[in-house]
Amino acid sequence: MFKRLILIIVIFQFSACIELQQVVNQLPNGGITNSQIASGLKEALDKGITDKVSTLAVKDGFYKNELVKIMLPAELQKVDNTLRKIGLSKVADEGLKILNRAAEDAVGEAIPIFVDAIKGMTFTDAKNILLGDKNAATIYLKSVTSNNLYQKFNPIIKNSFQKVGADKIWENLITKYNNLPFTNDVNPNLTDYVTKEALKGVYTMIEVEEKEIRANVNKRSTELLKRVFALQD
């Protein structure tokens with residue numbers, strides 16, 4: 001039984017390679033090696049993702065990007081709304097800005113982690129990404145980087161809050177809200193919340209870049225990239 005199972009697995013993998021090779025053989029200018037497929041995909045992801053994630057690591061990278069801007073957690077949305085209604089919009093804006101600044105501080109740590117993940121991709125990973133769904137690379141990178149990124153981001157965000165006096169700002173904001181009549185006290189774990197929101201923002205931008213790489217021929221700046229991405233076309 002065990003030998004039969006091994007044989008089935010081998011046949012399946014061999015069939016998958018044959019299928020891919022048939023596509024490769026139909027490409028103009030001859031075939032392309034497994035190594036070239038992996039190298040081409042790594043090249044595209046490395047440059048594209050590094051460039052895209054870098055845009056988040058600057059001032060207003062999160063705060064002025066509506067795709068990833070970090071808003072208050074659901075339990076604090078009422079705080080924001082109430083403060084604006086009573087003329088404290090500047091206080092609410094400052095609170096939002098602090099959340100996004102902390103994320104911007106942390107994102108610089110993401111790039112080396114993504115570079116290592118891309119370098120570690122096998123041919124099988126590359127093949128599955130190239131011929132997979134339009135967000136296959138994003139899903140792969142999320143699966144192999146999210147734990148490391150959380151561990152990197154969390155202490156930086158916590159330090160960022162302390163560095164700019166966010167604790168006092170939030171204490172002021174929440175105290176004002178909690179002192180209003182007919183409200184329930186609110187005390188969320190903002191460091192954990194912002195860490196998770198920062199991660200969501202990073203993967204959102206990676207998915208945007210992945211779609212551009214797959215759809216935009218102009219992104220294929222070398223002959224190798226053109227030949228590799230002809231496989232998915």
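Residues numbered from 1 in each chain as written. Predicted model: local features only at pLDDT ≥ 70, side-chain atom pairs only at ≥ 80, totals over all residues. Heavy atoms only, no water.

Q: Account for the side chain of Arg-214, naming residues and giving values.
A: Examined against the element boundaries, Arg-214 turns out to sit in helix 9 (residues 190–215). Only 2.9 Å separates the side chain of Arg-214 from the side chain of Glu-210, close enough to count as a polar contact. (Helix = DSSP H or I, 4+ residues; strand = E, 2+ residues; numbered from the N terminus. Polar contact = N/O pair within 3.5 Å; in protein donor to acceptor, adjacent residues only side chain to side chain.)

Q: Outline the nonpolar core, listing residues and values.
A: If you look at the biggest cluster of nonpolar residues, it comprises 57 residues, and the most contacted ones within it are Phe-114, Phe-153, Phe-161 and Val-194. Residues in contact with Val-194, not counting those within four places in the same chain, are Ile-70, Leu-99, Ala-102, Ala-103, Ile-157 and Phe-161. (Core = buried A, V, L, I, M, F, W, Y, C linked by side-chain atoms within 4.5 Å. Buried < 20%, exposed > 50% of the residue type's maximum accessible area, 1.4 Å probe, protein only. Contact = heavy atoms within 4.5 Å.)

Q: Can you lay out the packing of helix 2 (residues 34–54) against helix 5 (residues 110–119) for me, pointing to particular residues and giving the numbers?
A: When two helices pack together, their arrangement is given by the angle between the helix axes and by the axis-to-axis distance. Between helix 2 and helix 5, whose axes approach to 10 Å, the crossing angle comes to 170°. By the angle between their directions, the pair helix 2 and helix 5 is classed as roughly antiparallel. Taken together, the residues of helix 5 that come into contact with helix 2 (itself represented by Lys-42, Leu-45, Asp-46, Ile-49, Thr-50, Val-53 and Ser-54) are Ala-110, Ile-111, Phe-114, Val-115, Ile-118 and Lys-119. Tallied by class, residues from the contact of helix 2 with helix 5 come to 8 nonpolar, 2 polar and 3 charged. (Axes fitted to C-alpha atoms, helices over the stretch in contact; angles between N-to-C directions. Parallel < 35°, antiparallel > 145°, perpendicular 65-115°, else oblique. Nonpolar A, V, L, I, M, F, W, Y, C, P; charged D, E, K, R; others polar.)

Q: Give a detailed account of the confidence of the model for the chain, specifying residues and quantitative values.
A: Averaged over the chain, the pLDDT score is 79; the fraction of residues at 70 or greater is 82%. Segment residues 1–30 is flagged for pLDDT under 50; beyond a separation of four residues in sequence, or across chains, it makes 18 contacts in the model. (pLDDT = per-residue confidence, 0-100.)

Q: Please provide a residue-by-residue account of the packing of helix 5 against helix 7 (residues 136–163), values included.
A: Where helix 5 meets helix 7, the axes come as close as 10 Å, and the angle between the chain directions of the two elements is 150°. In this view, helix 5 runs roughly antiparallel relative to helix 7, as classed from their interaxial angle. Our pair here, helix 5 against helix 7, has a crossing hand that is right-handed. Between helix 5, through Ala-110, Ile-113, Phe-114, Ala-117 and Ile-118, and helix 7, the contact on the second element is made entirely by Tyr-140, Leu-141, Val-144, Thr-145, Asn-148, Leu-149, Lys-152 and Phe-153. Taken together, the residues of the contact of helix 5 with helix 7 break down into 10 nonpolar, 2 polar and 1 charged. (Left-handed = near helix turned anticlockwise from the far one by under 90°.)

Q: Describe in detail the packing of aromatic side chains, supporting the description with residues and values.
A: According to the stated counting rule, one finds 1 aromatic pair in the structure shown. A centroid spacing of 6.1 Å and a plane angle of 90° characterise the contact between Phe-114 and Tyr-203, whose relative ring orientation is edge-to-face. With Phe-114 in helix 5 and Tyr-203 in helix 9, this residue pair connects regions lying 89 residues apart in the sequence. Given the relative accessible area of 1%, Phe-114 is considered buried. Relative accessible area serves as the criterion here: at 7%, Tyr-203 is assigned to the buried category. Seen from the ring of Tyr-63, Lys-69 lies directly overhead, with NZ or CZ sitting 4.6 Å from the centre. (Phe/Tyr/Trp six-rings, centres within 6.5 Å; stacked < 30°, edge-to-face > 60°. Lys NZ or Arg CZ within 6 Å of the ring centre and 35° of its normal.)

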